[in-house]
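# Topology and contacts: notes
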Amino acid sequence: MEIEGDVDLGTSPDLRRTLFETLVDAPKLALNLAAIRYIDSSGIATLIEVLKDSQRRKKEFVLFGLSPAVQQVFHLTHVMRIFQVFQTEEEALGSA
Amino acid sequence: MPPAAPRLHLKLAMPSDPRYLPVVRGAIGPLAAAMGWDESDCLSITLALDEALANLIRHAYHSRVDGRIELECRENADGLEITLLDNGDAPDRTKICARAVACDQPGGLGTHIIKDVMDTVSYQATPEGNRFVATKRLKKTI
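Residues numbered from 1 in each chain as written. Chains lettered and ligands numbered in written order. Predicted model: local features only at pLDDT ≥ 70, side-chain atom pairs only at ≥ 80, totals over all residues. Heavy atoms only, no water.

Another point: the overall build of chain B. A count of helices and strands for chain B gives three helices and five strands. Seen in sequence order, chain B has helices and strands lined up from the N terminus as β-α-α-β-β-α-β-β. The principal-axis extent of the C-alpha atoms belonging to chain B is close to 50 × 35 × 25 Å. Counting all 142 residues of chain B, 42% fall into the buried class. Entry remark: accessible area of chain B is about 7800 Å², with carbon and sulfur atoms responsible for 54%. (Helix = DSSP H or I, 4+ residues; strand = E, 2+ residues; numbered from the N terminus. Buried < 20%, exposed > 50% of the residue type's maximum accessible area, 1.4 Å probe, protein only. Areas by Shrake-Rupley, 256 points an atom, 1.4 Å probe, with all protein chains shown as cover.)

Across all of its chains, the model carries 15 salt bridges over all chains by this definition. The residue R37(A) makes a salt bridge to D6(A) at a minimum N-O spacing of 3.0 Å. Of this pair, R37(A) sits in strand β2 (residues 28-39) while D6(A) sits in strand β1 (residues 2-7), placing them 31 residues apart in sequence. Residue classification places D6(A) among the partly exposed positions, given a relative accessible area of 21%. Each member of the salt-bridge network shares a partner with another, and the members are D6(A), D8(A), R37(A), R25(B) and D50(B). (Salt bridge = Lys/Arg side-chain N within 4 Å of Asp/Glu carboxyl O.)

A separate point is the side chain of K136(B). Residues and elements named next belong to chain B. Tracing the sequence through the fold places K136 in strand β5 (residues 129-137). Among buried charged residues, K136 stands out as having no salt bridge; its nearest opposite-charge side chain is D41, 4.8 Å away. Of the polar contacts made by the side chain of K136, one reaches the backbone oxygen of V117; its length is 2.8 Å. Residue contacts for K136: discarding those within four places in its chain leaves W37, D41, I45, D78, G79, L80, V117, M118 and D119. (Lys, Arg positive; Asp, Glu negative; His and termini not counted. Polar contact = N/O pair within 3.5 Å; in protein donor to acceptor, adjacent residues only side chain to side chain. Contact = heavy atoms within 4.5 Å.)

All names here are of chain B. Assignment of secondary structure puts A32 in helix α1 (residues 21-35). By relative accessible area, which is 0% here, A32 ends up buried. The contacts of A32, once residues within four sequence positions are left out, are W37, C42 and I45.

Ranked by size, the top nonpolar core spans 62 residues in total, and within it L33(A), L47(A), F74(A) and F83(A) carry the most contacts. Per-element tally for this core: the top contributor is helix α2 (residues 39-60) of chain B, with twelve residues. Not counting residues up to four positions away in its chain, the partners in contact with F83(A) are L47(A), I48(A), L51(A), F61(A), L63(A) and F74(A). (Core = buried A, V, L, I, M, F, W, Y, C linked by side-chain atoms within 4.5 Å.)

For helix α3 (residues 68-76) of chain A, the set of buried residues is V70(A), Q72(A), V73(A), F74(A) and L76(A). Close packing links the buried residues of α3(A) with β2, α2 (41-56) and β3 (60-64) of chain A together with α2 and α3 (110-117) of chain B.

For the rest of this paragraph, the subject is the interface of chain B and chain A. Residue-level contacts link 26 residues of chain B with 21 residues of chain A. Summing both sides of the interface, chain B and chain A together bury roughly 1900 Å²; the carbon and sulfur share of this comes to 63%. Along the contact surface separating chain B from chain A lie two salt bridges. With a closest N to O distance of 2.9 Å, R25(B) and D6(A) form a salt bridge. For the pair chain B and chain A, the interface holds six residue pairs in polar contact (both at pLDDT 80 or more). (Buried area = accessible area lost by both parts, 1.4 Å probe.)

Attention now moves to a negative patch on the surface. A cluster of acidic side chains, namely E2(A), E4(A), E89(A), E90(A) and E91(A), defines a negative patch on the protein surface. Mapped onto the fold, E90(A) is located in helix α4 (residues 89-94). (Patch = residues over 30% accessible without salt bridge, like charges linked within 9 Å, V, L, I, M, F, W, Y side chains within 5 Å. Charge placed at Lys NZ, Arg CZ, Asp CG, Glu CD.)

Here it is, written out as structure tokens:
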């Protein structure tokens, strides 16, 4: 799944709803963040919520294509270690 | 003695509506770049201001979009001073940076970002409203 634009306080509720709905029917969700120009803590919180929901449902939620700007926010919020993060879609989809 | 050179002083007022956050982000990044910060610092400063505004929208105004927020960005001899003024509820100091860093809880990240990025951060109740002031020094290279 691919998302684009800015993820902030105004847009993260829609992203949250979409990801939760997608996760219901998918055994694994690989989210492409390559086209995300900006993400704030509400966006990071949304991704953490989806990760926790995926774990409850025994499903997989992985991320790939993080731009340097998005990686910087992940590092600032100390959340890189809690996600499975891959560089490419192939790696993300091929992960166990 | 010659008069001091004018320094950048940006003032704006915005509603407590998240739709206007990109407008502020679009101003603060180039402002920080013009003052001399690199791309990474510009993103960090933008994020810190965005988080401070988001906190006011969520906690001072409880996501009401008709609150008023005044923003000032002032260049000084040391760097940048950012001031926010609002008339919503005062911040709950027990919740500022209350979340443990590096845990997997979704909320409470914003105040940690602000504290990590900026050099000084203060919250004051004043007759004009709640005042948030954050400063960041510009490290000069010769």
